[in-house]
Amino acid sequence: MKVNANTLKNGNIIEIKDRLWSVVGMEISQPGKGGAYANITLRDVRNGNKDVQRFRTQESVEKVRLEQDESQFLFADGDMYTFMDTKTYEQFEINGELIGYPRVFLQDGMMVTIEKYEDEPLGVQLPDTVVMEVVECEPVVKGQTASSSYKPGQLENGERVMIPPHIDAGTRVVLKTEDGSYVERAKD
């Protein structure tokens, strides 16, 4: 599907010279003379190489349409993550690098969306948020709760995140899976 270069967003997959690229950054420049152009930072989805391409803002690029299938996370073995297709009950493995940082929030039985291109997995989308328990954190310092400061806390999966000072160990919190940022205290 052809789209204008200036309409691309992070995470879009485009095809250039028979290679698939993921958009990881974009900057639109308007020089004093001439037309505007977009500098788009791309990552090759198969080997991870990065490249920067310059397009005129009205130039067309081929945006790839990905198939999206619901799958269930089963378990991790080293850096390989095993999923099950919920329609066919087939199990398949995906390398952790393909999932990226959000893989630390995968939980047994979690439903995810697998993005595929011609039956090849290209990405894994976790739910926007996840509920986890804080197992360790620093105690509250008197007067610290009045400001908007954060303190480090350790989650049940071993990941360290920044949490508000009023959160204690044993509290369940809601976190964004894309970057691990605190959203709110979980409503149990």
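What you see is a predicted model, and the numbers here were worked out from it, not measured in a lab.

Visitor: Would you mind showing me how to read the overall build of the protein chain here?
Guide: Of the regular secondary structure elements, the protein chain holds one helix and 16 strands. Its C-alpha atoms give the protein chain a radius of gyration of 21 Å, more than 25% over the compact-globule value 16 Å for 188 residues. Overall, the C-alpha framework of the protein chain stretches about 60 × 50 × 25 Å when taken along its three principal axes. Out of the 188 residues in the protein chain, the part that is buried amounts to 37%. Long-range contacts, defined here as pairs at least 24 residues apart, represent 43% of the contacts in the protein chain between residues at least 6 apart. A total of about 11,300 Å² of accessible surface is found on the protein chain, and carbon and sulfur atoms cover 44% of it.

Visitor: What is the right way to look at the sheet that holds strand β12 (residues 129-137) in this model?
Guide: Two orientations exist for strands paired in a sheet by backbone hydrogen bonds: parallel and antiparallel. Reading across the sheet, the five strands line up as β14-β13-β12-β15-β16 and stay open at both edges, with antiparallel pairing between neighbours. Edge strands, defined here as strands with exactly one partner in the open sheet, are β14 (160-163) and β16 (182-185). This sheet shows a mean twist of 50° between the axes of neighbouring strands, independent of strand direction.

Reading the values: rules and limits
Throughout this document, residue positions are counted from 1 along each chain, in the order its sequence is written. The predicted nature of this model means local features are confined to residues of pLDDT at least 70 and side-chain atom pairs, given and counted, to a pLDDT of 80 or more, with totals for whole chains, interfaces and linings taken over all residues. Where side-chain values are given, they derive from all heavy atoms of the structure, hydrogens and water being excluded. A helix here means a DSSP run of H or I that spans at least four residues, while a strand means a run of E at least two residues long, and both kinds are numbered starting from the N terminus. Every radius of gyration here is taken over C-alpha atoms, with the globule rule written as 2.2 Å times N^0.38, N being the number of residues. The buried label goes to any residue with under 20% of its type's maximum accessible area, the exposed label to any with over 50%, and the partly exposed label to all in between, with areas taken from a 1.4 Å probe on protein chains only. In this description, contact between two residues means that some pair of their heavy atoms is separated by no more than 4.5 Å. Here the accessible surface of atoms and residues is derived via Shrake-Rupley with a 1.4 Å probe, and residues count as covered only by protein chains that are part of the display. A pair of strands is treated as paired once DSSP finds two or more bridges between them. Angular values range over 0 to 180 degrees, each being the angle between N-to-C directions of two axes fitted as lines to C-alpha atoms, with helices fitted over their stretch in contact.

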